[in-house]
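# A structural walkthrough
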Amino acid sequence: MKKTFLTFALIFGFQLSANNHLPANYSMYQANFLFNCPVPEKCFAAFDKYMNSPEVAKEKFEVDFFAIQQNGWDDSTHGVSWYYKDADQYAKAGQIFSTSKAGREFRKTMNDIGVEIISDTLTVHSVGVTLKGNTVDNGVSLRWSLEVTDPVKFVPLWRNFSKSLEKYDWSSNAYGLQSHYLGNNGNGITHEIWAAFNTPQDALAFLSGMNASKEFAAYAPESRKYSQFKRSYMEVSLKMYNPD
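Report on the accompanying structure. Just so you know, these numbers come straight off a predicted model, no measurement behind them.

### As for the overall build of the protein
Each helix and strand counted, the protein has seven helices and eight strands in total. The 244 residues of the protein split such that 50% are buried. Here the analysis covers contacts within the protein between residues at least 6 apart in sequence; of these, 82% occur between residues at least 24 apart. About 11800 Å² of surface is accessible on the protein, with carbon and sulfur atoms providing 54% of the total.

Below, the structure written as structure tokens:
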């Protein structure tokens with residue numbers, strides 16, 4: 001059954017992150033919406049109008065509107081991620097979206113365009129490492145969706161592997177792991193691994209280097225003992241709102 005933006009009324013929830021060692025600027029909660037837009041320029045214009053409406057703009061929410069490339073799984077073409085520092089910010093965003101004139105107009109426009117929501121999830125940063133640059137520089141990210149069957153064994157294995165790649169000149173600007181808590185995460189996905197870059201070229205250089213590395217050769221068979229690969233894709237940011 002297709003879901004339209006009338007059902008986009010922020011079916012959010014929240015969980016506290018169990019990791020208190022994340023950098024100070026990392027969001028506590030992240031709400032992610034992947035959707036299929038038949039007219040991309042109209043979808044972006046509608047969202048940009050919503051974000052620049054007085055009631056939304058004054059709150060300075062951190063949000064990313066991005067295009068999806070090489071998804072290979074579903075019909076998602078674009079996505080929006082909202083980053084919340086705390087539960088109060090999360091609740092405020094939901095209230096504005098659900099009750100404001102700007103929110104009503106946005107939902108109507110998206111419905112008129114024929115947008116279909118593909119997935120609606122809530123994730124929490126379990127691991128986050130910044131190596132170089134800052135958020136506004138990281139316009140591209142690679143993502144791997146996994147079903148992790150034994151997090152206690154998988155997470156340390158992945159962290160050691162990721163740490164081992166930091167010494168290479170093709171390493172990412174930042175990387176991390178997110179845990180799924182709510183939403184239609186599809187096919188048993190429980191975790192998302194991500195790596196951030198300045199450009200698509202940097203991301204492709206990382207893929208080439210990682211897949212050819214001795215570290216990956218050792219990590220891959222071990223990781224399959226505790227996780228199952230579901231999908232990978234690239235996110236290319238079209239506009240960041242209030243990055244920190």
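### Section: the packing of aromatic side chains
Under the definition given, this model contains 20 aromatic pairs. Pairing Phe-97 with Phe-106 gives two aromatic rings, centres 6.1 Å apart and planes at 75°, and the pair type is edge-to-face. For the pair formed by Phe-97 and Phe-106, the shared burial category is buried. Plain terms: the ring middles of Tyr-168 and Trp-170 are 4.6 Å apart, the flat faces sit at 10° to each other, and that makes the pair stacked. Here Trp-170 falls in the buried class, since its relative accessible area comes to 16%.

### Focus on the environment of Lys-167
Residue placement: Lys-167 occurs in the loop between helix H5 (151-164) and strand S6 (174-183). Taking the relative accessible area as the measure of exposure, Lys-167 reaches 56% and is therefore exposed. Engagement of the side chain of Lys-167 in a polar contact is seen with the side chain of Glu-215, the distance being 2.9 Å.

### With respect to the nonpolar core
Counting residues in hydrophobic clusters, the biggest one holds 29 residues, and the most contacted among them are Phe-47, Tyr-50 and Trp-82. Sort the elements by how many residues they give to this core and helix H1 (residues 40-51) lands first, with five residues. Setting aside residues up to four positions removed in sequence, Tyr-50 forms contacts with Val-56, Trp-82, Ile-96, Phe-97, Ser-100, Ala-102, Gly-103 and Phe-106.

Calculation notes
- Throughout, residues of each chain are indexed from 1 in the direction in which the sequence is written.
- A pLDDT threshold of at least 70 governs which residues receive local features in this predicted model, and a stricter bar of 80 or more applies before side-chain atom pairs are shown or counted, although totals over entire chains, interfaces and linings include all residues.
- Based on all heavy atoms of the structure, the side-chain values leave hydrogens and waters out of the count.
- A helix here means a DSSP run of H or I that spans at least four residues, while a strand means a run of E at least two residues long, and both kinds are numbered starting from the N terminus.
- Any residue under 20% of the maximum accessible area for its type is buried, any over 50% is exposed, and the rest in between are partly exposed; the area is computed with a 1.4 Å probe on protein chains only.
- Contacts between residues were defined by any pair of non-hydrogen atoms, one from each residue, lying within 4.5 Å.
- In short, Shrake-Rupley with a 1.4 Å probe defines the accessible areas, and a residue's cover is counted only from the protein chains shown.
- Aromatic rings from Phe, Tyr and Trp, with only the six-membered ring used for Trp, were paired whenever their centres fell within 6.5 Å, and each pair was classed as stacked if the ring planes differed by under 30 degrees, edge-to-face if by over 60, and tilted otherwise.
- By the criterion applied in these results, polar contacts are pairs of N or O atoms within 3.5 Å in which, for protein atoms, one can donate a hydrogen and the other can accept it, and in which residues neighboring in sequence qualify only through two side-chain atoms.
- Buried Ala, Val, Leu, Ile, Met, Phe, Trp, Tyr and Cys residues form a nonpolar core when they are joined through side-chain atoms within 4.5 Å.

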